[in-house]
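Survey of secondary and tertiary structure
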Amino acid sequence: MHLAAATESPVMVLWLVTHCPELISVVDGNGATPLHFGTASIRVVQILHSHGASLCQLDANRHSPVDKAIAGNHVPSLKWMARCAGKASCTKCGTILLHSLVMSGNVETLMSVMLTYTAGMLSWSSPNGQSPLHLAVALGNTAMVEALLATAVGPTAAVPTRTAEADEDDKSAIAWKKEEALLRGGWSKGVRFAADAADIVFSWLSMLNEDGEAPLHIAAALATDNDGLENTMHVVTMLQVLRDAGADKTLRNSRGQLILHIAVEHAIAATSKILDAIPGVLPVTLFLEYVMMFNADANACDGSGLTALQCAATVGATTVIRVLLKGCSVDARGADHTTALHCAAAGNHANAVCMLVAEGADTEARDRLGAVPLHYAAKASALESVAALIRCGADVDARNDRLETPLHVAAQNDGASTLARLLQAGGSSGSRSLIGGTVVHAALDSPACVAVLLSHGADLRARDEAGRTLAHLAAMVGRLDVIEVLAVHDICLVAKAGVDELGATPQLYASACGDVAMVAYLILSGVDSTQLASDVAIGNLCIPETIVTFLASVELLGATTRDAVIAALPEASARAVLAGAALPC
């Protein structure tokens, strides 16, 4: 059977399938069926298919009979396969045929076969939701893209149709040749699909595949590998073809990106591989300049709320930033009202910060919560960005909507080095936030920041609106490490902190929290245990029984040394903590 099909002998094939129909499904050593061998003869194809041979079966190389027909440029067989798929509503076969034609790169064959497709057949898409146009763009085949679109843009005319007799058994060679001539002549004269079929082709321009991309989005990612100016201009030509065909440049992919966002995303990856890129020389930068002219809005936000310039600033891609500044506003706002300078500052990209400021970026631009770029740099402990912004004249005491300065933010985020730099630049540690706390209070969770504030002469006795010092707050939340820093510097910061508006001392808060290790530390630091027991007795706070028992034991034993106090502790964990704590001199 394979041999008969290969020798294009319809009579022999017909005899074999009539007397030995099981031979139709027999495969050779490469997994090929007789139909794989017979695509050169339309008559053989018709006989085999009418007896059950599949047009979609794959051989060991994953080639279908359709692929074989394309490889041999067997146009009559391909046209018959297309009509056969349409009449049987065989989506799989029709999709394989059209997509295989696109992948073959044979434009002439594609044009000839595609004109036999109906609107219903053209509406088929591959399993991953890709139209033939998606595939042609992904392959970078501009000629194929033009061919697919050209079928729908010529002057309206009727496409020649086959007679019922020719469709049935293709006996009329004259009818076949005539139709083929009409098709080819019609193509050269601009004959196109009927209106409904043309609409399907146009719909491909806005169709999103399963990755959420239209052909225009796929094209935007093609010229970003720095593989030469020729390739870049080739992709520019493809974008122009899609644009001229009516592609919607405001269309976004599933991530809310316009083509400029996509081009920037890939350009960042490309330029990051080059250590000393020269602006204007890289093909990718030339492509970006074109895309900016083509893009609907250079300052539009993507799905994550960032502009294209912010995307580049976030990673400090100065080469890309320099190109984007030719068409983007330097202070364009993202969804949260941030600018590119906020993004560069948060990423600790000092070079990008300086470049943006040099181009006029506002160092005092505020986001929706009133934060300036220096707040962002302080929050991220981005020391280089902090230094760059200070050199560019940023206000170190700028306040957000909560009246917090960058010093508050640095202290809250354990940014000791950043805090030190801000203090050196003249930042005030006494500035109060909306809740009345100074920078000292903001350093509650950072012993390192407390140490920095001590070294710069900050007022560690400052009180918030509730009359609490840092010692009160640290005792309330069990920050023994902060209490330790304060006590080693000056025990009076703890022992003589006094009472807050509730009448409580740090010692009382430590007792109320049940922190027996902190209570023991306070005793070893010089706080009178008798006075501490008295505070506990008269306080309005509920004191755990463990603390009361411990204080009674200390008073009973008269414990004053580290070893004695540790021995009186009821918990092994508390003993371990206290054993490693530094005591004031």
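Since we're looking at a predicted model, the values are computed, not measured.

Glancing now at the overall build of the protein. The helix and strand tally for the protein stands at 37 helices and zero strands. Counting the 585 residues in the protein, one finds 52% classified as buried. Per element, the accessible surface of the protein, about 24,700 Å² overall, is 55% carbon and sulfur.

Glancing now at the pattern of salt bridges. Two side chains of opposite charge can pair, provided their charged atoms sit close to one another. Within this structure, the stated rule accounts for eight salt bridges. A salt bridge links Arg-461 to Asp-490; the nearest nitrogen and oxygen atoms lie 3.4 Å apart. Of this pair, Arg-461 sits in the loop between α28 (447–455) and α29 (470–477) while Asp-490 sits in the loop between α30 (480–489) and α31 (492–495), and the two are 29 residues apart along the sequence. Note that Asp-481 is salt-bridged to Arg-479, the shortest N-O span being 2.6 Å. Each member of the salt-bridge network shares a partner with another, and the members are Asp-445, Arg-479 and Asp-481.

A few words on the confidence of the model for the protein. Summarising the model, the protein shows a mean pLDDT of 79, and 77% of its residues fall at 70 or more. Scored below 50 in pLDDT, residues 153–193 makes 64 contacts in the model with residues more than four places away or belonging to other chains. Under a pLDDT of 50 for its full length, residues 274–281 has, in the predicted model, seven contacts with residues more than four places off or in other chains.

It is worth spelling out the packing of helix α24 (residues 383–391) against helix α26 (residues 416–424) at this point. Look at α24 against α26: their axes get within 9 Å of each other, and the N-to-C directions meet at 15 degrees. When the axes of α24 and α26 are compared, the pair comes out roughly parallel. α24 and α26 meet at a crossing whose hand is right-handed. Contacts between α24 and α26 pair Leu-383, Val-386, Ala-387 and Ile-390 from the former with Ser-417, Thr-418, Arg-421 and Leu-422 from the latter.

Thr-142, Met-144, Val-145, Ala-147, Leu-148 and Leu-149 are the residues of helix α11 (residues 142–150) that are buried. Looking at where α11 begins, the residue whose side-chain oxygen comes 3.3 Å from the main-chain nitrogen of Ala-143 is Asn-141.

The rules behind each value
Residues numbered from 1 in each chain as written. Predicted model: local features only at pLDDT ≥ 70, side-chain atom pairs only at ≥ 80, totals over all residues. Heavy atoms only, no water. Helix = DSSP H or I, 4+ residues; strand = E, 2+ residues; numbered from the N terminus. Buried < 20%, exposed > 50% of the residue type's maximum accessible area, 1.4 Å probe, protein only. Areas by Shrake-Rupley, 256 points an atom, 1.4 Å probe, with all protein chains shown as cover. Salt bridge = Lys/Arg side-chain N within 4 Å of Asp/Glu carboxyl O. pLDDT = per-residue confidence, 0-100. Contact = heavy atoms within 4.5 Å. Axes fitted to C-alpha atoms, helices over the stretch in contact; angles between N-to-C directions. Parallel < 35°, antiparallel > 145°, perpendicular 65-115°, else oblique. Left-handed = near helix turned anticlockwise from the far one by under 90°. Polar contact = N/O pair within 3.5 Å; in protein donor to acceptor, adjacent residues only side chain to side chain.

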